[in-house]
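Reading the structure
Take a look at the letters that make up each chain.
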Amino acid sequence: MSTPPATAPAATTPRRHEVTRATMTIEGHPLADVSLAGWAYGPPLGTAPVTVVVGGITASPFPLGDGRADEAGGTEPWWPALFAPDLIDITQTTVVCPCWPGNGSTWQGFETASAGLSVLGLADLVAAWLDGIGCTTPVTFVGASLGGMVGVAFATRYPERCRTLITVSAGLRPDGWGTATRHLQRELVRDGLRNGDVTTGMIRARQLGMLTYRGRIELDTRFGSFTPGLDRPPVADYLDFHGRRFAERFPVRTFLFLSEAIDRGSIGVDAHARRAALERVTADTIVVGVPGDMLFPWGLQVELHRELQAAGAQSSLWTLDSVFGHDAFLADQEKLADLLRGARAFGSSAAAAPRPRFDGVGIEPVRELRIGMVGCGTVGGGLLEMIDRQQRAMADRYGVRFRVTRLAVRDLTKARHPLADGIPRTTNALELVSDPDVDVVVEVAGGTAVEPILTAALAAGKPVVTANKALLASKLADLGVLAERTATPLYCEAAAAAALPIIRHLAHRADEVLSLAGIVNGTSNFVMTRLEQELSLEEAVADAQARGFAEADPAADLDGLDAAAKLSILAYRAFGAWVRPDGFPVRGIRELTPADCDLAESMGCRIRQIARAARVGDALDMAVEPMLLPAWHLLASVEEEYNAVYLKCASSGDLSLFGKGAGAMPTATAVLGDLIDLAQHNSVRWPVPQAAALAGIDGRPATARRHYLRVTGEPHPGLDRRIDSLVRRAGLTVQNRASRGAGDTVHLGYIVSEGTAATIDAVRHDVARLARVHAALTLGVHE
């Protein structure tokens, strides 16, 4: 029976409602002399919509306090931020809060041998109490932590009684780590019961719990480490305070009972049973999770949201960004209140008819990703510009808002992009790693001096996005291993081919890559295009520099070093093999002249600097070199500063990507793409770097291929015949030939049949010794 108060008190003063039953059966357990209690705020039952509020294990049934906070023994409110006119309006809504068993509710034998109920049984007890107090209309159920799990169970077992469900830091099930932690807590308390010192057992259990309730970042920021000169770690007093308060205020049996209820709780014994249970849910559901929650990790919130959607329920997933971890719903409740306002969680207090099955996708929240940027030059300015220009599009498409919250630059006085005005700056980039207002470190400064910053960020668990090919060329394997060890995302799309999403494709591929070949240096490709237009190498480089495509010192581009660094990164992703740029042949384009381009075109080919890698048995054939390509080849048509990568795959065949591979905006595009992947939790593993044998090195067989031979010398009737003879003597044949005369100099071009590098080098050496020959050059032909 229900025993409501005789008179209606003020809205913020709770009224006790008790229901007694002689017997009940919950989850197969017979209960006798049952007393179920709870409290109500606001209008009397039956006169207004009803919201059920249930907290975690230690939560009292007084989210707004018991009205006696100023008196001795009074209870402070623990969730006041949620009670506002645009959230839970206490003047228009009846708020009911059931008591946990042992903390207001009880039954015969609870203190000695309580039944092993799960969250499903707790949901049954809540339903029985609501029945007993005369609450018959569909309710809004707001639950946090254990209360959220009970809310999910309530919505599955009593769908007609749950109109809206809001869960905060909860899930469909506990995970193994949380279960292990709670088991240790219970064992500490039971040890105390056995040895007569239950207070110490409760203190230690709470202290262990505090390390899972609060976020790692908060504990590190607030308490730091055990430095010399201290008798105790700074965190010790904090743990002692919470441990003692818990032991003094909370019933032992209630803690053991509720802790075990979490670990026994699972909506369905398997996937089929879980889906069948969730298909009964008709409530509009809002799932709120904290990425730094260790007790109910973010993955459990995502699982709950996706399972609800898959079962046809109306669900939306919202991110509460907070350093406070699991306790964010208490310690950051103002932020939670703002989030629920944005979600329109309490937008309508009118009773609603059951919703039809939902077959779409739930509304997604817009969450903020805060960026600490190392460097703010042309690429950094481009990123700021793209973030500003596409802010609304990013929110609409991906549910994320990016904001640069801090800059690390070498010179604080140097003028930066106008969009950098007002952003705090520092010359110590390591400060970004420990800054709680930085979620991800973006490095666009370049150079190898930034290695300690990236290493520190990954070691601290802070994601890294970098465009630094120079550093990655020598340290990617080390950084990749560190990223795996700390389970921290590392992104580097901009370091390979700027706007081309080649690393993303290789990271997410389902097929085996047999070979890759690409034009990955825009400067060298621009120069080659100008050589085809009869400009000298010097003139072509000057044109590239004038257009901003080449550095003042273009050596890394012309000598193939930049392309080699990128090939090292691509091969690591494509084949799982780590080969440093100095571990494979690298050749630049300085030897080439407009005559080579003319001869190649006369034989139906074009010359491009190619970065290539392919499997040859158990070895890799890797190189960066200028090569002839048939005019029909995709890479032959790539001109100016554009890049392209061409893949041969075992099952899907030939694939290609084409686009701008250099410049501020293309590079900023790649960085922004990595940030989008991070925001969507779209990160993949870095493979354990494998040592790779190289074809043609260490006794491995070299790959045979056709070659281009160019001979420059004085015109002579017998020169062509002598060259042909030397080619035949080496066991090769001339398959195509062309010539170009320029006064007293003639250029002869040949395409020679397949042979090894050693064979064609011997031919070139013999040709160079002929009379009237000034120079001889060979290039490979890429088929």
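Residues numbered from 1 in each chain as written. Predicted model: local features only at pLDDT ≥ 70, side-chain atom pairs only at ≥ 80, totals over all residues. Heavy atoms only, no water.

**So, the overall build of the protein chain**
Scanning the protein chain from N- to C-terminus turns up 27 helices and 24 strands. Oriented by its inertia axes, the alpha-carbon framework of the protein chain measures out at about 120 × 55 × 55 Å. Considering the protein chain as a whole, with its 783 residues, one finds that 55% of them fall into the buried category. Within the protein chain, contacts between residues at least 6 apart in sequence are counted, and of these 72% link residues at least 24 apart. Accessible surface, the protein chain as shown: approximately 32,700 Å² in total, 51% of it carbon and sulfur. A gap of 2 Å separates the mean positions of the 77 positive and 88 negative side-chain charges of the protein chain. (Helix = DSSP H or I, 4+ residues; strand = E, 2+ residues; numbered from the N terminus. Buried < 20%, exposed > 50% of the residue type's maximum accessible area, 1.4 Å probe, protein only. Contact = heavy atoms within 4.5 Å. Areas by Shrake-Rupley, 256 points an atom, 1.4 Å probe, with all protein chains shown as cover. Lys, Arg positive; Asp, Glu negative; His and termini not counted. Charge placed at Lys NZ, Arg CZ, Asp CG, Glu CD.)

**A look at the side chain of Asp562**
One can find Asp562 in helix α23 (residues 561–575). Of the polar contacts made by the side chain of Asp562, one reaches the side chain of Lys566; its length is 3.0 Å. Discounting chain neighbours no more than four positions away, the residues touching Asp562 are Lys469, Val520, Asn521, Ala556 and Asp557. (Polar contact = N/O pair within 3.5 Å; in protein donor to acceptor, adjacent residues only side chain to side chain.)

**Quick notes on the pairing of strand β2 (residues 29–41)**
Pairing of strand β1 (residues 15–26) with β2 involves eleven bridges; the strand directions are antiparallel. Among the inter-strand pairings, Thr23 is bridged to a residue of β2, identified as Ala32. Hairpin remark: β1 followed by β2, antiparallel, with two residues in the connecting loop; positive phi at Glu27, about 50°. Where β2 and strand β4 (residues 94–98) come together, four bridges link them in antiparallel fashion. Directly across from Trp39, in β4, lies its bridge partner Cys97. (Pairing = 2+ DSSP bridges.)

**Looking at the packing of helix α16 (residues 451–459) against helix α17 (residues 469–485)**
Relative orientation of the contacting elements α16 and α17 amounts to 15°, with a least axis distance of 10 Å. Taken together, α16 and α17 sit at an angle that is classed as roughly parallel. Like other packed secondary-structure pairs, α16 and α17 cross with a definite hand, here right-handed. Taking contact as the criterion, the partners of Glu451, Leu454, Thr455, Leu458 and Ala459 in α16 are, on α17, Leu471, Lys475, Leu479, Leu482 and Ala483. (Axes fitted to C-alpha atoms, helices over the stretch in contact; angles between N-to-C directions. Parallel < 35°, antiparallel > 145°, perpendicular 65-115°, else oblique. Left-handed = near helix turned anticlockwise from the far one by under 90°.)

**Overview of the sheet that holds strand β12 (residues 440–443)**
The strand order β11-β10-β9-β12-β13-β14 describes an open sheet built from six strands, whose pairing is parallel. The open sheet terminates on both sides in strands that have one partner only, identified here as β11 (425–426) and β14 (490–491). In terms of strand pairing, strand β10 (residues 400–408) meets β11 through two bridges, oriented parallel. Across the sheet, the residue bridging to Leu407 is Arg425, located in β11.

**Things to note about the sheet that holds strand β5 (residues 139–144)**
Pairing in this open sheet of eight strands is mixed, and the strands run β1-β2-β4-β3-β5-β6-β7-β8 from one edge to the other. Of all strands in the sheet, those bounded by a partner on one side alone are β1 and β8 (314–319). When strand polarity is set aside, the average angle formed by the axes of neighbouring strands in this sheet is 20°. Sheet strands touched by helix α10 (residues 298–310): β6 (162–168), β7 (284–289) and β8. Its angle to β8, the strand with the most contacts, is close to 160°.

**Observations regarding the environment of Met603**
Relative to the elements of secondary structure, Met603 occurs in the loop between α24 (594–602) and β16 (605–616). According to the relative accessible area criterion, Met603 is buried, its value standing at 7%.

**A closer look at the nonpolar core**
Counting residues in hydrophobic clusters, the biggest one holds 75 residues, and the most contacted among them are Leu122, Leu130, Phe141, Leu146, Val150, Phe154 and Phe255. Per element, the largest residue contribution to this core is ten residues, and it comes from helix α2 (residues 119–132). When sequence neighbours within four positions are dropped, the list of residues in contact with Val150 reads Trp100, Val119, Leu122, Ala123, Val126 and Phe141. Membership of the second largest hydrophobic core comes to 56 residues, among which are Ala477, Cys492, Ala497 and Cys649. (Core = buried A, V, L, I, M, F, W, Y, C linked by side-chain atoms within 4.5 Å.)

**Points about unusual backbone geometry**
Backbone geometry at Glu27 places phi at a positive 50°, although glycine is not the residue there. Here Glu27 shows up in the loop between β1 and β2. Relative accessible area serves as the criterion here: at 32%, Glu27 is assigned to the partly exposed category. At Asp33, a residue that is not glycine, the phi angle is positive and equals roughly 50°. By the element assignment, Asp33 lies in strand β2.

**A word on helix α20 (residues 522–532)**
For α20, the tally of buried residues reaches ten of eleven residues, placing the bulk of the element in the interior. Burial in α20 covers these residues: Gly522, Thr523, Ser524, Asn525, Phe526, Val527, Met528, Thr529, Arg530 and Leu531. The elements touched by buried residues of α20 are β15 (513–519), α21 (537–546), α22 (555–558), α24, β16 and β18 (642–649). The N-cap of α20, judged by a side-chain oxygen 3.3 Å from the amide nitrogen of Thr523 a few residues on, is Asn521. Trailing α20 by a residue or two, Glu534 shows a phi angle of about 75°, which is positive.

**A word on helix α8 (residues 252–264)**
A rise of 1.5 Å per residue sets the reference length of α8, with its 13 residues, at 18 Å; its end C-alpha atoms lie 18 Å apart and thus fit the reference within 8%. Regarding α8, the residues found buried are Thr254, Phe255, Leu256, Phe257, Leu258, Ser259, Ala261, Ile262 and Asp263. (Expected span 1.5 Å × (residues − 1).)

Purely geometric stuff here, so don't read any function into it on its own.
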